[in-house]
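What the coordinates show
This is what each chain is made of:
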Amino acid sequence: MVKEEDSKTLELFLKIGLDEKTAKNTLANNKVTTNLTAVIHEAAVTDGCDRTVGNLIYTVATKFPANALNHRPTLLQYIVSTKIKTPAQLEAAFTFLAATASGNLNTQEFDEACGVGVEVTKDDIERAVSEVFEEKKANILEQRYRTNVGELFAHVRKKLPWADPKVVKEVIDVELYKLLGERTAADNEKPVKKKKEKPVKVEDKAKIEETPAPKPSEEELNPYSIFPSPEENYKVHTEIYFSDRPVLRACNSKELLEKHLKVTGQKVLTRFPPEPNGYLHIGHAKAMFVDFGLAKERGGGCYLRFDDTNPEAEKKEYIDHIKEIVGWMGWEPYKITHTSDYFQDLYELAVELIRRGHAYVDHQTPEEVKEYRERKMNSPWRDRPIEESLRLFDEMKKGMINEGKATLRMKQDMQSDNFNMYDLIAYRIKFTPHPHAGDKWCIYPSYDYAHCIVDSLENITHSLCTLEFETRRASYYWLLDALGLYQPFVWEYSRLNVSNTVMSKRKLNRLVTEKWVDSWDDPRLMTLAGLRRRGVTSTAINAFVRGIGITRSDCSMIHLSRLEYHIREELNKTAPRTMVVLNPLKVVITNLEAGLVTDLDAKKWPEAPANDASSFYKVPFSRVVYIERTDFRLKDSKDYFGLAPGKCVLLRYAYPIKCTDVILADDKETVLEIRAEYDPSKTTKPKGVLHWVAEPSPGVDPLKVEVRLFDRLFLSENPAELEDWLGDLNPESKVVIQNAYAVPLVRTAALGDRFQFERLGYFAVDQDSTSEKLVFNRTVTLRDSYAKGGK
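Residues numbered from 1 in each chain as written. Predicted model: local features only at pLDDT ≥ 70, side-chain atom pairs only at ≥ 80, totals over all residues. Heavy atoms only, no water.

So, on to the overall build of the protein. Broken down by element type, the protein carries 25 helices and 29 strands. Here the protein, with 791 residues, has 49% of them falling under the buried criterion. Sequence-distant contacts, at least 24 apart, represent 70% of the contacts inside the protein between residues at least 6 apart. Per element, the accessible surface of the protein, about 38,600 Å² overall, is 50% carbon and sulfur. (Helix = DSSP H or I, 4+ residues; strand = E, 2+ residues; numbered from the N terminus. Buried < 20%, exposed > 50% of the residue type's maximum accessible area, 1.4 Å probe, protein only. Contact = heavy atoms within 4.5 Å. Areas by Shrake-Rupley, 256 points an atom, 1.4 Å probe, with all protein chains shown as cover.)

Here it is in structure tokens:
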């Protein structure tokens, strides 16, 4: 449900001409919403404006140089008065203002740099286009309608930077027609390269080619620019409100900060602190991008710190996995540490906390603690003498008190408005050996107690975490202030939520332990191990995370298709093409000599140059070939481009074939075999193009491979919201095809090798492959087959 305030802001955005989808997406980004609202008021267009003006205003809100904010009102006056009316002029304005920064604005130079007042007539445009065509005439005649119109457009723009792009495009189209005449069949032979051949509205096409991609903002170029430098860490971090004392304005003293900077050499130090109780998922990829990325960008270091305060849930398997997956994601830890490395320091500081009157030993049961917190009541033991708490805490450490009979609690503020100040537990008794620290301890610190202290002990400059920890800021700084320790800069960012999956460790653990999936690295899971096994690269994951940005906009669901886009973008450039038939249907080419096998050239890459042998591979072509069963129908139709009785198709890289006969099973419906004739002259020009695999020699089956088709694990976009979330599992999330046919090229494929199976998708070799049979996992389809939606 849209809040009333959000509804008013949405209405404001729609008034300036934003389409509804852009307006709603903007509303989901707090920073852009704040900027755009401010810019609309600065421009005095709260009652609305022309859509062209509104689009320019939106660009100002998202791209304006941060170092020249004092000149923003002036630029907005130029836009509203239509002195600046095109994206090209606006880009020139950004460049000029960025160079001017906060200095005085020379309006004469500004007007000249932005083309203010310059009028370009159609005659001017026609002359410029004519000049460009004369210069490029030979190339245009050679390429004909395959000519890159965008390049012609750019040359004209160079001559006339302030020309109306719509008129420029119209004149170019007219000149092309005058020079080349009507399109011929040859002009239409390569539709992949010539998407522009389809009828397109001139204004739409001109809009696309009007300017290069907008100049990215500083935050897009460097998402870490929002974070302060270590020497700025003297400012107030947060204000902590108490019910019984003055407000605490948490900040470092001059002495503490100087001591910290001396130890660190003013370098940025961050930490990535996973709890070793499960496998890392894609949400951790965002955390790594923030923590490791900031340290790398600033020339500092990032600790990989295992938050191992709960010995019952932690395993060496998880520790080893985390170390390995951090490296796979491309990050190198500054140091690898464990919270347990600091158990002695943490214990001594707990003793000091008691001595200062800020902690006490409590005997309430968990149920009593819960009840007292709900009623905002102090524990009966809260005011026990300091010496008594010191003695009891020592007895807890020595194992003299039974598990569950005592805890050490911080004396915070039971009347606070923040429930994370309700005397949080600092230590509890657990007679469990620790996987890293051994059996030395039977008391273990809580996360709330240990995390901030270890941050301080490691001299972390930036303690970055997800927004659900925001309410713990008060406790974090209260404890460091109570102990007189250095205080890191804390900043929270939004949790990464991806559609059609779950990412809570509890739910992931259930999926694995209850065998709903095969393992922690099941390719259907959003664990990083599962994504890697599926064939996703770490660079695609990092590109996805970078594209989302380091935002504080919470509760945003990122649609899975957005991740898949980045996967396709990379694999399209790196995965060689090959042909595999999943559900083979036999085709016998009756006019091809029996026993004749011809090796044909097939392309590994769409744009493979003819003189580059490494960009091609050999595929055998013989009398018996196999096509996809779904590429044949007994009844043809106008919108169908596959094979049917009496119809022709082109076998990719080979020859046209025509279906001459169909062999049916006894039920007269099941197709057993197809008979066809091929056209060796290739004079037939069918519309349909099919992938195929042939017998490598007479009577020998093609290479058999197993193919696993993975899909979304859950049917709903947000299964975590469902009470019966396990009932939402997609029954078709894994389909195994045991006997697919592949061309010989893939025979030598090794674990992790990736291919594009033409017309089918991107696939990677799985670890279950053997010398007898290769197994391929589908990484992603060639396009998103789901309805477009989400973010």
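Quick look at the pattern of salt bridges now. As a working rule, side chains carrying opposite charge can pair if their charged atoms are close by. This model, assessed by the stated rule, comprises 47 salt bridges. Salt-bridge contacts for Lys85 lead to Glu119; the nearest nitrogen and oxygen are separated by 3.8 Å. Highlighted residues: Lys85 in the loop between helix H5 (72–80) and helix H6 (87–100) and Glu119 in the loop between helix H7 (107–114) and helix H8 (122–135), separated in sequence by 34 residues. Look at Glu119 and you get exposed, because its relative accessible area is 60%. Residues joined by salt bridges that share partners form a network here, namely Asp521, Arg533, Glu706, Arg708, Asp766 and Asp768. (Salt bridge = Lys/Arg side-chain N within 4 Å of Asp/Glu carboxyl O.)

With a phi close to 65 degrees, Lys515 is a non-glycine residue in the positive phi region. Structurally, Lys515 is set in the loop between helix H22 (505–513) and helix H23 (528–534). Taking relative accessible area as the criterion, Lys515 reaches 64% and is therefore assigned exposed. Although it is not a glycine, Arg759 sits at a positive phi angle of roughly 70 degrees.

This part is about the pairing of strand E7 (residues 407–410). It is a general feature of regular strands that their side chains alternate between the two faces of the sheet. Alternating positions in E7 separate into two faces, Thr407 and Arg409 on one and Leu408 and Met410 on the other, with burial throughout. Here four bridges tie strand E6 (residues 359–362) to E7, and the two strands are oriented antiparallel to one another. Directly across from Ala359, in E7, lies its bridge partner Met410. (Pairing = 2+ DSSP bridges.)

Here the focus is the layout of surface pockets. Estimated volume of the second largest pocket: approximately 840 Å³. Lining the second largest pocket are 30 residues, and of these Pro273, His284, Thr466, Glu468 and Phe469 lie nearest its centre. Within the residue set of the lining of the second largest pocket, elements represented by two or more residues are strand E3 (269–272), helix H15 (282–297), helix H20 (447–457), strand E10 (462–466) and H22. Here the lining of the second largest pocket takes five residues from H15, the largest share from any one element. Tallied by class, residues from the lining of the second largest pocket come to eleven nonpolar, nine polar and ten charged. (1 Å grid on protein atoms, 1.4 Å probe; cavity = no way out; pocket = protein on both sides within 12 Å on 5 of 7 lines; lining within 4 Å. Points joined across faces, edges and corners; volume = space filled by probe spheres on them. Nonpolar A, V, L, I, M, F, W, Y, C, P; charged D, E, K, R; others polar.)

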